[in-house]
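Geometric and topological summary
Chain by chain, the residues:
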Amino acid sequence: MDHALRGKSAIVGLGVAGLGEAPGYTSWDIMAQSAQAALADAGLALKDVDGLFCAMMEDSMPVLMAAEYLGIRPRHVDGTLTGGSSFVNYLASATAALDAGLCDVALVCYGSNQRTASGKLVTASRLPPYEAPYKPRYPVSGYAMAAQRHMYEYGTTREQLADVAVAARGWASHNPQAFMRDLITRDDVLASRMVSDPLGKLDCCLVTDGGGAIVLTRADRAKDHAKTPVYVLGAAAESTHRQISQMPDFTVTAARKSGKRAFAMAGVQPSDIDVLQLYDAFTINIILFLEDLGYCAKGEGGAFVEGGRIAPGGALPVNTYGGGLSCTHPGMLGIFTIIEAAHQIRGTAPGLQLDGVDLALAHGNGGVLSSQVTAILGSEATL
């Protein structure tokens, strides 16, 4: 039986701004530019927006600040912050709000100037009291610990982690929007400066500026807009902890449950998906998520990514725009996984466009492997 919200909303506008470096612009400027771009793509204006969904690093009440900055007075807002997964989570809450008549046009938006403002990965979080004495490099130390445990339990190698970075750069090399486009090899990744053992510099996401936005409407209004609608077929969230010291198992993420429920809501299987957009803050993320989302057994993720399987020309396209490792990572990446998934279904990808994409998966990660949100997007043919 179909889920009550399956296919009830559609993405009708996509926009990005300030990717890479945007000197002289604030995070709010970049957010607003991406919002304007998405609305223009949908053939709408700010005055049409009555539902606003926004998370930022800059303010404790970002959605209120965003509304004020944009000069709008939405009747429904959601600023729930679960880290980089927030925007994938908004797909579910926006769909529910649209279906319930709480709003008619939902704008999901984000922006950051962290590269030109500080040059380092920005977090609004304080170190947790029971981890701070060990002086971790937040957040990389937590991901490094997960990578070490996966290597210990399953024999995963640094070479296999490197294959994830090589694949991401392969996709980025075709994308004019990508910040890093020069091809790299396994040896380049292995020789890169060690940041937190076993993760070297090229195992880590970029630090960039950038903003992204999407516009959603109810499905029955989707065809009123200029661009091909992309329907939200399934979305589910699951969280296991806030800080890495409380993670039940360093090798198993909540994607195992969020993915299962998202697939069930959409009525599809992992093998049905044409392209995956996974939150790749670090190379270990991709291996963990491929396992937990059902693409290979636990412990087999390292071997699974070998031989260019997830690279251009491989059997399973993953992060076709270059991801956080090579395209953009302005603090939080989740909105960009949605944007690329939707582009691939619409046939408008800025880089390599795949043929015949009807189903795409966007997966968000927040905190230190803490919050996992999986969404399944589809073309009209999948309704």
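These numbers come from a predicted model, not from an experiment. In this numbering scheme, every chain counts its residues from 1 along its sequence in written order. Predicted model: local features are reported for residues with pLDDT of at least 70 only, side-chain atom pairs are reported and counted for 80 or more only, and whole-chain, interface and lining totals are derived from all residues. Water and hydrogen atoms were dropped before computing side-chain values, which therefore reflect all heavy atoms in the structure.

Section: helix H12 (residues 334-346)
This is how it is decided: Each helix corresponds to a stretch of at least 4 residues labelled H or I by DSSP, and each strand to a stretch of at least 2 residues labelled E; elements are numbered beginning at the N terminus. Each residue after the first adds 1.5 Å to the expected span of a helix. A 1.4 Å probe rolled over the protein chains alone gives each residue an accessible area, and that area as a share of the maximum for its type sets the label: buried under 20%, exposed over 50%, partly exposed in between.
With 13 residues, H12 extends 19 Å from end C-alpha to end C-alpha; this agrees with the ideal 18 Å at 1.5 Å per step. Most of H12 sits out of view: 13 of its 13 residues are buried. Positive backbone phi, at 85°, marks Gly347, one or two positions downstream of H12.

Concerning the state of the cysteines
Covalent bonding between the sulfur atoms of two cysteines is what defines a disulfide. Short version of the rule: Any two cysteine sulfur atoms within 2.5 Å of one another count as a disulfide.
Under the definition given, this model contains zero disulfides. Here Cys205 stays free of any disulfide, with the sulfur of Cys204 as its closest cysteine sulfur at 6.9 Å.

Quick word on the packing of helix H3 (residues 86-99) against H12
Our working rule: Lines fitted to the C-alpha atoms define the axes, with helices restricted to the stretch that makes contact. Angles between their N-to-C directions range from 0 to 180 degrees. Angle categories: roughly parallel below 35 degrees, roughly antiparallel above 145, roughly perpendicular from 65 to 115, and oblique for all the rest. Contacts between residues were defined by any pair of non-hydrogen atoms, one from each residue, lying within 4.5 Å. When residues are sorted by character, Ala, Val, Leu, Ile, Met, Phe, Trp, Tyr, Cys and Pro go into the nonpolar class, Asp, Glu, Lys and Arg into the charged class, and all the rest, Gly among them, into the polar class.
Put simply, H3 and H12 touch, their axes get as near as 6 Å, and they point 60° apart. As the angle between them shows, H3 and H12 are arranged oblique. Contact residues: H3 offers Phe87, Val88 and Leu91, while H12 offers Gly334, Ile335, Thr337 and Ile338. Residue composition of the contact of H3 with H12, grouped by class: five nonpolar, two polar and no charged.

Regarding the nonpolar core
Nonpolar side chains tend toward joint burial in soluble globular proteins. This is how the line gets drawn: Buried residues of nine kinds, namely Ala, Val, Leu, Ile, Met, Phe, Trp, Tyr and Cys, make up a nonpolar core once their side-chain atoms join them within 4.5 Å.
Among the nonpolar cores identified, the biggest contains 115 residues, and Ile11, Leu91, Ile214, Leu216 and Leu290 are the most heavily contacted of them. If we ignore the near neighbours within four places in the chain, the residues touching Leu216 are Ser9, Ala10, Ile11, Leu91, Ala94, Leu98, Asp104, Val105, Ala106, Val108 and Val232.

Describing the pairing of strand E11 (residues 371-378)
It is a general feature of regular strands that their side chains alternate between the two faces of the sheet. Our working rule: For two strands to be treated as a pair, DSSP must find at least two bridges joining them.
Most of E11 is tucked away, with eight of its eight residues classed as buried. Along E11, one buried face is formed by Ser371, Val373, Ala375 and Leu377 and the opposite face, lined by Gln372, Thr374, Ile376 and Gly378, is buried too. Two strands pair when backbone bridges link them, and strand E8 (residues 230-239) and E11 are joined in this way by eight bridges, in the antiparallel orientation. Looking across to E11, one finds that Gly234 is bridged to Ile376. Bridge count for strand E10 (residues 359-366) against E11 is eight bridges, and the pairing is antiparallel. Following the sheet pairing, Gly364 is matched in E11 by Val373. Where E10 folds back onto E11 in an antiparallel hairpin, the turn is made up of four residues, including Gly367, whose phi is positive at roughly 70°.

Notes on the packing of aromatic side chains
Worth spelling out the cut-off: Aromatic rings from Phe, Tyr and Trp, taking only the six-membered ring of Trp, are treated as a pair when their centres fall within 6.5 Å; an angle between ring planes under 30 degrees marks them as stacked, one over 60 as edge-to-face, and anything in between as tilted. Only Lys NZ and Arg CZ are tested; either one counts as a charge over a ring when it is within 6 Å of the ring centre and within 35 degrees of the ring normal.
Under the definition given, this model contains four aromatic pairs. Judged by centre distance (5.8 Å) and plane angle (55°), the rings of Phe53 and Tyr90 are tilted. Note that Phe53 is positioned in strand E2 (residues 51-54) and Tyr90 in helix H3, a separation of 37 residues in sequence. In terms of burial, Phe53 and Tyr90 fall into one category: buried. Measuring from ring centre to ring centre gives 4.6 Å for Tyr143 and Phe282, while their planes differ by 35°; the resulting arrangement is tilted. Taken together, the positions of Tyr143 in helix H5 (residues 140-154) and Phe282 in the loop between strand E9 (275-278) and helix H9 (283-292) put the pair 139 residues apart, joining distant regions of the chain. Assigned by exposure class, Tyr143 and Phe282 land together as buried. Taking NZ or CZ as reference, Arg309 lies 4.2 Å from the ring centre of Phe304, over its face.

Concerning the pattern of salt bridges
Convention followed: Salt bridges are identified by distance alone: a Lys or Arg side-chain nitrogen within 4 Å of an Asp or Glu carboxyl oxygen.
Under the defined criterion, the tally for this structure stands at 16 salt bridges. In this structure, Arg75 and Asp104 form a salt bridge, with 3.2 Å as the shortest nitrogen-oxygen distance. Here Asp104 lies in the loop between H3 and strand E4 (105-112) and Arg75 lies in the loop between helix H2 (62-70) and strand E3 (76-78), a separation of 29 residues in the sequence. Here Arg158 and Asp203 are joined by a salt bridge, their closest N and O atoms 3.9 Å apart. Taken together, the residues Arg158 in helix H6 (residues 158-172) and Asp203 in the loop between strand E6 (199-200) and strand E7 (209-218) connect sequence positions 45 residues apart. The exposure classification of Arg158 matches that of Asp203, with both residues buried.

What about the sheet that holds E11?
Ordered by their spatial adjacency, nine strands build an open sheet running E3-E2-E4-E7-E1-E8-E11-E10-E9, and the pairing between neighbours is mixed. Both edges of this open sheet fall to E3 and E9, since each of them pairs with a single strand only. The mean angle between the axes of side-by-side strands here comes to 20°, regardless of whether they run parallel or antiparallel. Relative to E8, strand E1 (residues 9-20) runs antiparallel, the two sharing two bridges.

A few points about the side chain of Gln160
Assignment of secondary structure puts Gln160 in helix H6. Residue contacts for Gln160: discarding those within four places in its chain leaves Gly155, Arg186, Ile287, Gly302, Ala303, Val305 and Glu306.

Side note on the environment of Leu39
If you trace the backbone, Leu39 turns up in helix H1 (residues 27-42). A relative accessible area of 0% places Leu39 in the buried class. Residues Leu39 and Leu14, spaced 25 residues apart in sequence, show a C-alpha to C-alpha distance of 7.5 Å. Not counting residues within four places of it along the chain, the set of residues in contact with Leu39 comprises Leu44, Ala45, Leu46, Val49 and Val215.

Observations regarding a nonpolar patch on the surface
Short version of the rule: Any residue with relative accessible area above 30% and no salt bridge may belong to a patch, with like charges joined within 9 Å and the nonpolar Val, Leu, Ile, Met, Phe, Trp and Tyr side chains within 5 Å. Where accessible areas are quoted, they stem from the Shrake-Rupley method and a 1.4 Å probe; at the residue level, only the protein chains shown are allowed to cover.
A grouping of Met61, Leu64 and Val77 is seen on the molecular surface, where their side chains present a nonpolar patch of about 270 Å² in accessible area. With respect to the helices and strands, Met61 occurs in the loop between E2 and H2.

These figures capture arrangement, not role.
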